[in-house]
Amino acid sequence: LAGNNPNGTVFFTGGYARALGHLLFIALDEELLVLDTLSAGDTPQVLWKQRLFDVPLDLPGDANAARLFLGGNVAIAGNRVQQPQTDRYGRPMGRLGPVTHDAVIYQVGSRVIAAEPLTGRTLWERDHIERGSELLGDGEHLVIAPLSGREGFVLRQSDGRELSRPELPNPQEVRTSMGATLVT
């Protein structure tokens, strides 16, 4: 599952996937699945999964009532997801970000989370991040590019510490990304 782009992301209808060794990270509409492709037997083992949306606090009934949501197809430019999918409330869904041996980065609602790839254990978390922000990284730095503005965040990927808030290029001018670098 190497794909045909620099970060190893493969896009398919309804989602996208990234591979890291024998681990497969799949963003399927509303859920992130992490599979061990070397598990015993013919079927990959689901190591852990996480919803990529949060349920509004004022939602009556159970969390399953908040399910799907596809507001159209995902547009791809280079290896970047251009239009995030939305939940039934019209809010952008979370995204799968960089995947390294140290951490998998993803967004749920307004939280960006770094988790241990094998177990899903949270390593660090940042709140108050615009929903549907693009998450780009190179293993050392994480760039959070909000959909609505030009000011982004650069975090240290190992601990989530904010390093800077740079002005980012206009999203329509970005051709692709390579790690934490936007190519215009």
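The structure presented is a predicted model; accordingly, all values stated were derived computationally and were not measured.

Criteria and thresholds
- Residues numbered from 1 in each chain as written.
- Predicted model: local features only at pLDDT ≥ 70, side-chain atom pairs only at ≥ 80, totals over all residues.
- Heavy atoms only, no water.
- Helix = DSSP H or I, 4+ residues; strand = E, 2+ residues; numbered from the N terminus.
- Buried < 20%, exposed > 50% of the residue type's maximum accessible area, 1.4 Å probe, protein only.
- Contact = heavy atoms within 4.5 Å.
- Areas by Shrake-Rupley, 256 points an atom, 1.4 Å probe, with all protein chains shown as cover.
- Salt bridge = Lys/Arg side-chain N within 4 Å of Asp/Glu carboxyl O.
- Pairing = 2+ DSSP bridges.
- Axes fitted to C-alpha atoms, helices over the stretch in contact; angles between N-to-C directions.
- Core = buried A, V, L, I, M, F, W, Y, C linked by side-chain atoms within 4.5 Å.
- Polar contact = N/O pair within 3.5 Å; in protein donor to acceptor, adjacent residues only side chain to side chain.

Things to note about the overall build of the protein chain
- Across its full length, the protein chain holds zero helices and 17 strands.
- Evaluated residue by residue, the protein chain yields a buried proportion of 43% over its 184 residues.
- Pairs at least 24 apart in sequence give 34% of the contacts found in the protein chain among residues at least 6 apart.
- Entry remark: accessible area of the protein chain is about 9500 Å², with carbon and sulfur atoms responsible for 49%.

Observations concerning the side chain of Ser 133
- Here Ser 133 lies in the loop between β11 (122–126) and β12 (134–137).
- In this structure Ser 133 comes out as buried when scored by relative accessible area, which is 0%.
- Ignoring anything within four residues of it in the chain, the contact list for Ser 133 reads Arg 95, Gln 107, Ile 144, Ala 145, Pro 146 and Leu 147.

Considering the pattern of salt bridges
- Going through the model one piece at a time under the given rule, you end up with seven salt bridges.
- Measuring nitrogen to oxygen at the nearest pair gives 3.2 Å for the salt bridge that ties Glu 125 to Arg 111. Of this pair, Glu 125 sits in strand β11 while Arg 111 sits in strand β10 (residues 111–115), and the two are 14 residues apart along the sequence.
- With relative accessibility at 28%, the residue Arg 111 sits in the partly exposed group.

Structural notes on the environment of Asp 159
- Along the polypeptide, Asp 159 turns up in the loop between β14 (153–156) and β15 (162–164).
- Remark: the alpha-carbon pair of Asp 159 and Trp 124, spanning 35 residues in sequence, is separated by 6.2 Å.

Notes on the sheet that holds β12
- The strand order across the open sheet formed by four strands is β12-β13-β14-β15, and the pairing between neighbours is antiparallel. On the outer flanks of this sheet lie β12 and β15, each paired with one strand and no other. Across the sheet, the mean angle separating the axes of adjacent strands is 30° when strand polarity is ignored.
- The sheet contact formed by β12 and strand β13 (residues 141–145) spans four bridges and is antiparallel. Across the sheet, the residue bridging to Leu 135 is Ile 144, located in β13.

A short note on the pairing of β12
- Side chains Glu 134 and Leu 136 project from β12 onto one buried face, and the interleaved Leu 135 and Gly 137 project onto a second face that is buried too.
- Hairpin connection, β12 to β13: the antiparallel pair is bridged by three residues, and Gly 139 has positive phi, about 95°.

A closer look at the nonpolar core
- If you look at the biggest cluster of nonpolar residues, it comprises 18 residues, and the most contacted ones within it are Phe 25, Leu 32, Trp 48, Leu 96, Val 104 and Tyr 106.
- Counting only elements with at least two residues in this core, the list comes to β2 (15–20), β3 (23–28), β4 (31–36), β8 (96–99), β9 (104–108) and β10.
- Once you skip the residues sitting within four places of it in the chain, Leu 96 turns out to touch Tyr 16, Arg 18, Phe 25, Ala 27, Leu 32, Val 104, Ile 105 and Tyr 106.
- Counting 11 residues, the second largest nonpolar core, distinct from the first, contains Trp 124, Leu 142, Ile 144 and Phe 153.

Observations concerning the side chain of Gln 107
- With respect to the helices and strands, the residue Gln 107 is situated in strand β9.
- Polar contacts involving the side chain of Gln 107 include one to the main-chain carbonyl oxygen of Gly 109, which spans 3.2 Å.
- One polar contact links the side chain of Gln 107 to the main-chain carbonyl oxygen of Glu 130, over a distance of 2.9 Å.
- Among residues more than four places away in sequence, those in contact with Gln 107 are Leu 52, Gly 94, Arg 95, Val 112, Ile 129, Glu 130, Arg 131, Gly 132, Ser 133 and Leu 135.

Quick notes on the pairing of β11
- Across four bridges, the pairing between β10 and β11 is antiparallel. Each residue of the ladder has a partner; that of Ile 113, found in β11, is Glu 125.

Comments concerning the sheet that holds β9
- What the four strands build is an open sheet, ordered β8-β9-β10-β11; its pairing is antiparallel. Edge strands, defined here as strands with exactly one partner in the open sheet, are β8 and β11. Taking the axes of each pair of neighbouring strands and ignoring which way they run, one obtains an average angle of 20° across the sheet.

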